[in-house]
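Here is how the chains run, residue by residue.
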Amino acid sequence: MIKKYLYILLSVLLVAGCVFDPVDDETPIELKEAPSNPSPRNNSINIQTSANLSWSANNLETYDVYFDINNPPDSVLASDTNVTVLSVSGLKLDTRYYWRVIGKYANGTESWGPVWNFKTKPVATSLDGYVMLKHDITTETPSYVNILFQVLDLNGTGITDLTENDFYILENDIMLSELESAVRVRKKEQIDYTLKTILFLDNSSSLSTDLPELKNAAIAFVNNMDANQKVALYKFSDGSALLQDFTSNKNLLISAINSIDLGFNSTDLYGAVIDAADEWSEKFTLEEIEQTSIVLFTDGTDTQGKHSLESALGSISGKRFYTIGLGQEVDTVVLGMLGNSGFYKADSIDELTDTFLEIQFNLEKYANSFYLLNYLSPKRGDNIVTVKLMIENNVYTGNNSYVYGQFNSRTFYSVSPGVFINSTTENPEGISSLDITQGETVSVQAESYLVEEDPYYLWNTSNNKIVTVAPSSSDNSIAYITAVGSVGETATVVITDFNNDMQKIITINIR
C-alpha cells in the first residue's frame, strides 16, 4: 500500500513539473528574445577609451550587464537596470573587452544574450617619429608651390591629424615666414582619391570546414569599406581566378564572395602573389590619387612549386602587400616576408573576422595620411630653388624625415591680398571694368590670394535688366556675364569670396 501511494505521489509531482515549467524543453531560455543589436558592433576595433554600450530587447524588464577583459565576462557593470545604454570609460588602449547582457522577464526568468567584444584604439606610436613620403611637387602662378605627400609613423601606420602648424618650410636652407608664405594644408577628402584593394582568397581543399567562416570574414571586410574604396576579388588554389573586378558595389562583392567553392588540393601561393602584383596600378598627382593595396589570405604553404619565393618577392617590390595566415600549417617566415606591409596570423577561424577588420582599419589610416600643402614662395627670377618640408619636433632624423625637391621661380610674380578678376602675370590685380558688346556673353574668372580658406564665390549683378551673371555649374570661380541692356548702359557685378569674407566689384559697360 505504501509503495502504491509513493507511486501516485511521484506521478503527481512529475505531471505538475510538466504543467508549470515555463521553459520549453526544446528551446533554452537564453535563446528566447535575447538582447541583440549591440553597439559597438561585435568584433569592432579602434574604439575610444570611453564608449556607450547599447543593445535592443523585447519583453524584458531589467538587465544584468557583465563587462571585462575575460571571456566570458564575469565582472558586473550594472545589476537590475532598466536602461539599454550604459557608459564605460577609462578603458586601456589596444585591449579587447568582452560584454554580455542578461535580460529578465517580469516573472523572474532570464534570457541570456551572446558574448560580444570590441577592441580599443592601438597605442599611439607618433612619439617615435614621422616618415614623410613625397609624391609630387608642382608650381603655379602667381608663386604657389604645391607639395603632395604622406606622413607615417615608423611602423608604417598613417598619421592623419597634422595641420599647418605642424610643418615648416625651408627654401635654399632658409626658413620661410609663416605670415608671408600663406601655408595651407588640405586632406584626402579634398582630393580626388580612390583606394583600390585587391583581395586574394585561398580556396584550396584544406579549407573544407573553414570556408564558410572565411566568407563571413571577407564579407565583414567589404561591409566596412571606405566611401572611396574599390575592391577586386580573386580566388586561388592551383591557379588564380578573377571573381569580381574593381567595384565599390558591396552587393556585387558579397555575391562574388558567396560564390566561392572549394578548389583543388594544390596551392600555387607564389603564383597568386605574382598574379596579384600584375593587377597593381597607382597614380599620385595633385588632381588625382589612385592607391592600391593587396590583401592575401591562405591557410597553408606553396605546395605546387611552379613559381619560386624569389620571383614572388620580386613581383611585389615597392607594392603594399598584406598577408593573413590561418592555422598551424602556414609558414610564418614566408608570409612575413611577403607581407611587407603586415603579416597577421589567426590561430583559429574565430579570429579571422577581427583580422580582416584590423587590416581594413590600417588601410584607411594609410589612405587618410595624404596631405596637399601649398604656399606662396617669395622667390623671383629665373632661379632653381630647393625646398625642404619638415615636421616640427620630429625626433626621427633619417632620410625620409622630410620632403625635398626643386623648382624654377622664373614665372613667379607678387600679389596683394584680395579677390581679383582675370588676373595674369602681366596684370596680377586683374580688371576693374569690362566692355561687352550688346547681346554678347563673356566668361570671367575670380581668384583669391593670401587667404586662409579655400575660396567659394558668389556672383551678383546690380541690375539684371542690364547685365546677367551665371556661375559655372562645375567651377564657381568662373562666371558668364551677358549684356542684355542697351548700348551705353552700365551695371556692376559683385564677386564675394564667402569663405574668406572678401569682395571685388567690376563695372560692366555695354557698347
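You'll find the structure just up there.
Described in the following lines is the structure provided in the data block. (Residues numbered from 1 in each chain as written. Predicted model: local features only at pLDDT ≥ 70, side-chain atom pairs only at ≥ 80, totals over all residues. Heavy atoms only, no water.)

**Considering the overall build of the protein**
So, step 1. Helix and strand content of the protein: 8 helices and 32 strands.
So, step 2. Computed over C-alpha atoms, the radius of gyration of the protein comes to 32 Å, more than 25% over the 24 Å expected from 2.2 N^0.38 for 511 residues, which places it beyond the range of a compact globule.
So, step 3. On the principal axes, the C-alpha backbone points of the protein span a range of 130 × 60 × 45 Å.
So, step 4. The 511 residues of the protein split such that 46% are buried.
So, step 5. Element-wise, carbon and sulfur atoms account for 47% of the exposed surface of the protein, whose accessible area totals about 25,300 Å².
So, step 6. Mean positive and mean negative side-chain charge positions of the protein (33 and 66 charges, respectively) differ by 1 Å. (Helix = DSSP H or I, 4+ residues; strand = E, 2+ residues; numbered from the N terminus. Rg over C-alpha atoms; globule rule 2.2 N^0.38 Å. Buried < 20%, exposed > 50% of the residue type's maximum accessible area, 1.4 Å probe, protein only. Areas by Shrake-Rupley, 256 points an atom, 1.4 Å probe, with all protein chains shown as cover. Lys, Arg positive; Asp, Glu negative; His and termini not counted. Charge placed at Lys NZ, Arg CZ, Asp CG, Glu CD.)

**Let's talk about the pairing of strand β20 (residues 320-326)**
So, step 1. β20 sits mainly inside the fold: 7 of its 7 residues count as buried.
So, step 2. Side chains Arg320, Tyr322, Ile324 and Leu326 of β20 all project onto a buried face; the interleaved residues Phe321, Thr323 and Gly325 project onto the opposite face, where all are buried too.
So, step 3. Sheet topology note: the strand β19 (residues 288-298)/β20 ladder contains 6 bridges and is parallel. Following the sheet pairing, Ile294 is matched in β20 by Phe321.
So, step 4. A crossover links β19 with its parallel partner β20, the connecting element being helix α6 (residues 309-315), and its sense is right-handed. (Pairing = 2+ DSSP bridges. Right-handed = clockwise from strand over helix to strand, strands pointing away.)

**Regarding the sheet that holds strand β1 (residues 36-39)**
So, step 1. Pairing is antiparallel across the open sheet formed by 3 strands, whose spatial order is β1-β3-β6. Strands with a single pairing partner mark the edges of an open sheet, and in this sheet they are β1 and β6 (85-88). Adjacent strand axes in the sheet meet at a mean angle of 15°, parallel and antiparallel pairs treated alike.
So, step 2. In terms of strand pairing, β1 meets strand β3 (residues 51-56) through 2 bridges, oriented antiparallel. Bridging across to β3, Ser36 finds its partner in Ser56. (Axes fitted to C-alpha atoms, helices over the stretch in contact; angles between N-to-C directions.)

**A few points about the pattern of salt bridges**
So, step 1. Enumeration according to the criterion identifies 9 salt bridges in this entry.
So, step 2. Of the charged contacts in the structure, one is a salt bridge between Lys104 and Asp64, with a shortest N-O distance of 2.9 Å. Note that Lys104 is positioned in strand β7 (residues 96-104) and Asp64 in strand β4 (residues 62-68), a separation of 40 residues in sequence. Across the pair, exposure class does not vary: Lys104 and Asp64 are buried alike.
So, step 3. Notably, a salt bridge pairs Asp80 with Lys104, separated by 2.7 Å at the nearest N-O pair. Note that Asp80 is positioned in strand β5 (residues 76-81) and Lys104 in strand β7, a separation of 24 residues in sequence.
So, step 4. Classification of Asp80 as partly exposed rests on a relative accessible area of 45%. (Salt bridge = Lys/Arg side-chain N within 4 Å of Asp/Glu carboxyl O.)

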